[in-house]
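Here is how the chains run, residue by residue.
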Amino acid sequence: MSNLIQLMYISRATFKPTSAVQGIEPNVARILQSSRINNAKVDVGGVLFYGDGHFFQCLEGDKAAVHKLLERLHRDDRHTDVKIVSEKPVQVRRFEDWSMKYTAINDSINLLLAKFGFKTFNPYQFDTQHFNALIDTLERMNQPDEIIDGNDPKKSSRKAPTRADNERSGLVTMGIIALILIVGGVLVTQLM
């Protein structure tokens, strides 16, 4: 019998958003970087969505490993009002190729919000139907060609990247963001 589960939770960010670096808020970049490293160690994957000061995350993996990560999250002072919105056993992962995919608000999410009459992303107003639609949208966005090209995957002539390619690219991006933040901090300190 499999102990594979899918757990979805929501939380509010405790930090004030700052200007995005390469399209990602720096606090979220740090969360994502540590998630990718820690989750890969225990074979947990999923998707992280951040918008309008709120997080939505879907974690998939062994039940004990997912619950251990959730305990760590409860101690993370960057999150508050953590609420599990779904937990269920699954046979197959929806986000199998990702240690942790990240998505921010984009056209697909804005269309979904508009469809349900929401002006901003506030998952505390969602019901089961909204969460199911959100996870379906995030899964469709999980298609490798769509991520590379931002268009119809059928029109792309590029070869789909492997999981290792995606993770390597994500780690390089996170490294660049971390370097920019460190250099910026050093410059600010020297200017004072």
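Everything numeric here is computed off the predicted structure, so don't read it as measured data. (Residues numbered from 1 in each chain as written. Predicted model: local features only at pLDDT ≥ 70, side-chain atom pairs only at ≥ 80, totals over all residues. Heavy atoms only, no water.)

Undergrad: Go over the sheet that holds strand β4 (residues 79-89) with me, naming the residues and quoting the values.
TA: The sheet built from five strands is open, its strands ordered β4-β1-β3-β2-β5 with mixed pairing. Each end of this open sheet is capped by a strand with a single partner; those strands are β4 and β5 (101-104). Geometrically, the sheet is characterised by an average inter-axis angle of 15 degrees between neighbouring strands, direction not taken into account. Sheet analysis places strand β1 (residues 4-13) next to strand β3 (residues 54-62), joined by nine bridges and oriented antiparallel. When the bridges of β3 are listed, Y9 appears paired with Q57. Sitting on the sheet, helix α1 (residues 26-41) is in contact with β2 (45-51), β3, β4 and β5, with an inclination near 160 degrees to β5. (Pairing = 2+ DSSP bridges. Helix = DSSP H or I, 4+ residues; strand = E, 2+ residues; numbered from the N terminus. Axes fitted to C-alpha atoms, helices over the stretch in contact; angles between N-to-C directions. Contact = heavy atoms within 4.5 Å.)

Undergrad: Could you give an account of the packing of aromatic side chains, with specific residues and numbers?
TA: According to the stated counting rule, one finds eight aromatic pairs in the structure shown. Residues F56 and F131 carry aromatic rings whose centres are separated by 6.0 Å and whose planes lie at 20 degrees to one another, so their mutual orientation is stacked. Taken together, the positions of F56 in strand β3 and F131 in helix α4 (residues 128-140) put the pair 75 residues apart, joining distant regions of the chain. Just as F56 is buried, F131 falls in that class too. (Phe/Tyr/Trp six-rings, centres within 6.5 Å; stacked < 30°, edge-to-face > 60°. Buried < 20%, exposed > 50% of the residue type's maximum accessible area, 1.4 Å probe, protein only.)

Undergrad: Outline the packing of helix α3 (residues 107-115) against α4, supporting the account with residue identities and numerical values.
TA: It is at 10 Å that the axes of α3 and α4 come closest, and there the two elements cross at 160 degrees. With respect to α4, the element α3 is oriented roughly antiparallel. Regarding α3 and α4, the two cross each other, and that crossing is right-handed. Touching S108, I109 and L112 of α3 are A133, L134, T137 and L138, all from α4. (Parallel < 35°, antiparallel > 145°, perpendicular 65-115°, else oblique. Left-handed = near helix turned anticlockwise from the far one by under 90°.)

Undergrad: I'd like a description of the side chain of R93, backed by residues and values.
TA: The residue R93 is located in the loop between β4 and β5 in this model. With sequence-adjacent residues up to four places away left out, R93 is seen in contact with L4, D43, V44, G45, E60 and G61.

Undergrad: So what's going on with a positive patch on the surface? Which residues, and what values?
TA: Together, K41, K68, R72 and R75 make up a region of like positive charge exposed at the surface. The dominant element in the positive patch, judged by the number of residues it contributes, is helix α2 (residues 63-75), at three residues. (Patch = residues over 30% accessible without salt bridge, like charges linked within 9 Å, V, L, I, M, F, W, Y side chains within 5 Å. Areas by Shrake-Rupley, 256 points an atom, 1.4 Å probe, with all protein chains shown as cover. Salt bridge = Lys/Arg side-chain N within 4 Å of Asp/Glu carboxyl O. Lys, Arg positive; Asp, Glu negative; His and termini not counted. Charge placed at Lys NZ, Arg CZ, Asp CG, Glu CD.)

Undergrad: If you had to explain unusual backbone geometry to someone new, which residues and values would you point to?
TA: Look at D43: it is not a glycine, yet its phi comes out positive at around 55 degrees. Within the secondary structure layout, D43 lies in the loop between α1 and β2. You can call D43 partly exposed: its relative accessible area is 45%. The backbone phi angle of D81 is positive, close to 55 degrees, even though this residue is not glycine. Within the secondary structure layout, D81 lies in strand β4. Note on D81: relative accessible area 42%, which makes it partly exposed.

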